[in-house]
Amino acid sequence: MRGLRQYGGVQHAPSTIARLFGAFVLIAAFALAGLLLPGTAPARAGENTFVEVTPNSVQAGSRVNIRASCDNANDRQAEVTSDAFDRVYLRPDNGFLTGSVTVPGNKAAGDYPVHLRCDNGRTASTTLTVLNMDQPTKGPATGGGGTADRGTGSMLLLGGVATVTAMVIFGLFSSRRRAGS
C-alpha cells in the first residue's frame with residue numbers, strides 16, 4: 001500500500017497522519033465538552049442582564065471589582081447593593097457597567113448577596129464571600145537563633161574541615177596502595 005511503511009510485519013501509517021488525526025480527535029473532544037459541560041458563568045437574570053464580582057472571595061478590607069450588564073441599557077448607570085459593602089453605582093465602560101468598592105475591614109466572614117438594579121427595571125444577583133482571617137501582627141517566638149551557642153558555627157566549620165582532610169588523606173593512601181600492589 002502506498003503511504004504506509006512496513007514495521008515488524010505490520011503496516012503502519014506515517015506518524016504525521018497519526019498526529020493530525022489525534023489532534024483532530026482532541027479538538028473535537030474539547031469542543032464537545034464545551035457544549036455539554038456548562039462553564040462558570042456570571043449570575044444571570046435576563047438574556048443579557050448579569051452582575052459579577054471579582055474576586056468573588058475576598059479578605060475583609062480588600063477591594064472588589066464589579067462588572068455588570070443591564071441588557072440594552074449599558075449606557076446608563078446602575079446601582080449595586082450588598083450587606084458586604086452597602087451601595088455602589090456602576091458607570092458605563094466599553095459596553096459594560098463597572099465599578100469597584102472596598103469591603104470594610106471589620107466585616108464579619110460569610111456569604112453576602114450582591115444585587116444589581118438597572119434603570120430599565122431589570123435585576124440580577126450573585127454572591128460575594130467575605131473572609132475575615134486574623135493577620136498576625138508579628139512572627140512567632142521561635143528564638144530567632146539567639147538561643148544557639150556562639151561557638152557552634154566555629155565547631156561546625158572545624159568539623160567540616162577535619163572531615164574533608166580525612167577524606168583526602170584516605171584517598172591518597174588508597175591510591176598509593178593500589179599503585180604499589
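Here's what I pulled together on the structure shown here.

Rules of the game
- Residues numbered from 1 in each chain as written.
- Predicted model: local features only at pLDDT ≥ 70, side-chain atom pairs only at ≥ 80, totals over all residues.
- Heavy atoms only, no water.
- Core = buried A, V, L, I, M, F, W, Y, C linked by side-chain atoms within 4.5 Å.
- Buried < 20%, exposed > 50% of the residue type's maximum accessible area, 1.4 Å probe, protein only.
- Helix = DSSP H or I, 4+ residues; strand = E, 2+ residues; numbered from the N terminus.
- Contact = heavy atoms within 4.5 Å.
- Salt bridge = Lys/Arg side-chain N within 4 Å of Asp/Glu carboxyl O.
- Pairing = 2+ DSSP bridges.
- Patch = residues over 30% accessible without salt bridge, like charges linked within 9 Å, V, L, I, M, F, W, Y side chains within 5 Å.
- Areas by Shrake-Rupley, 256 points an atom, 1.4 Å probe, with all protein chains shown as cover.
- Phe/Tyr/Trp six-rings, centres within 6.5 Å; stacked < 30°, edge-to-face > 60°.
- Lys NZ or Arg CZ within 6 Å of the ring centre and 35° of its normal.

Topic: the nonpolar core
Piece 1. Formed by 25 residues in total, the largest nonpolar core has its most connected members in Ile66, Val80, Phe85, Leu90, Leu116 and Leu128.
Piece 2. Listed by contribution, the elements that provide at least two residues to this core are β4 (49-54), β6 (63-70), β7 (78-82), β8 (86-93), β9 (96-102), β10 (110-117) and β11 (123-131).
Piece 3. Not counting residues up to four positions away in its chain, the partners in contact with valine 80 are Ile66, Phe85, Asp86, Arg87, Val88, Leu90, Val114, His115 and Leu116.

Observations concerning the pattern of salt bridges
Piece 1. Evaluation of the coordinates by the stated rule reveals 5 salt bridges.
Piece 2. In this structure, the salt-bridge partner of glutamate 79 is arginine 87, at a minimum N-O distance of 2.3 Å.
Piece 3. Given a relative accessible area of 9%, glutamate 79 falls into the buried group.
Piece 4. By relative accessible area, arginine 87 is classed as partly exposed at 49%.
Piece 5. One network of salt bridges, with partners in common, ties together Glu79, Arg87 and Arg117.

Some details on unusual backbone geometry
Piece 1. Of note, the amide linkage connecting threonine 54 to proline 55 takes the cis form, showing an omega dihedral of -10 degrees.
Piece 2. Mapped onto the elements of the fold, proline 55 is located in the loop between β4 and β5 (57-59).
Piece 3. Of note, the phi angle at aspartate 71 is positive, near 65 degrees, even though the residue is not glycine.
Piece 4. Note on placement: aspartate 71 falls in the loop between β6 and β7.
Piece 5. Exposure remark for aspartate 71: the relative accessible area of 18% places this residue in the buried category.
Piece 6. Phi at asparagine 94 is positive, roughly 50 degrees, even though this residue is not glycine.
Piece 7. Among the structural elements, asparagine 94 can be located in the loop between β8 and β9.

A word on the pairing of β10
Piece 1. Bridge count for β7 against β10 is 4 bridges, and the pairing is antiparallel. If you follow glutamate 79 over to β10, its bridge partner there is arginine 117.
Piece 2. Of the pairings in the sheet, the one linking β10 to β11 comprises 8 bridges and is antiparallel in character. When the bridges of β11 are listed, leucine 116 appears paired with alanine 124.
Piece 3. Linking β10 to β11, which pair antiparallel, is a turn of 5 residues; within it glycine 121 sits at a positive phi near 90 degrees.

Topic: a nonpolar patch on the surface
Piece 1. Judged by side-chain polarity, Val164, Val168 and Leu172 come together as a nonpolar surface patch covering roughly 280 Å² of accessible area.
Piece 2. For valine 168, the location among the structural elements is in helix α2 (residues 152-180).

A short note on the packing of aromatic side chains
Piece 1. Evaluation of the coordinates by the stated rule reveals 1 aromatic pair.
Piece 2. One residue, arginine 67, lies across the ring of phenylalanine 96, its end atom 4.1 Å from the ring centre.

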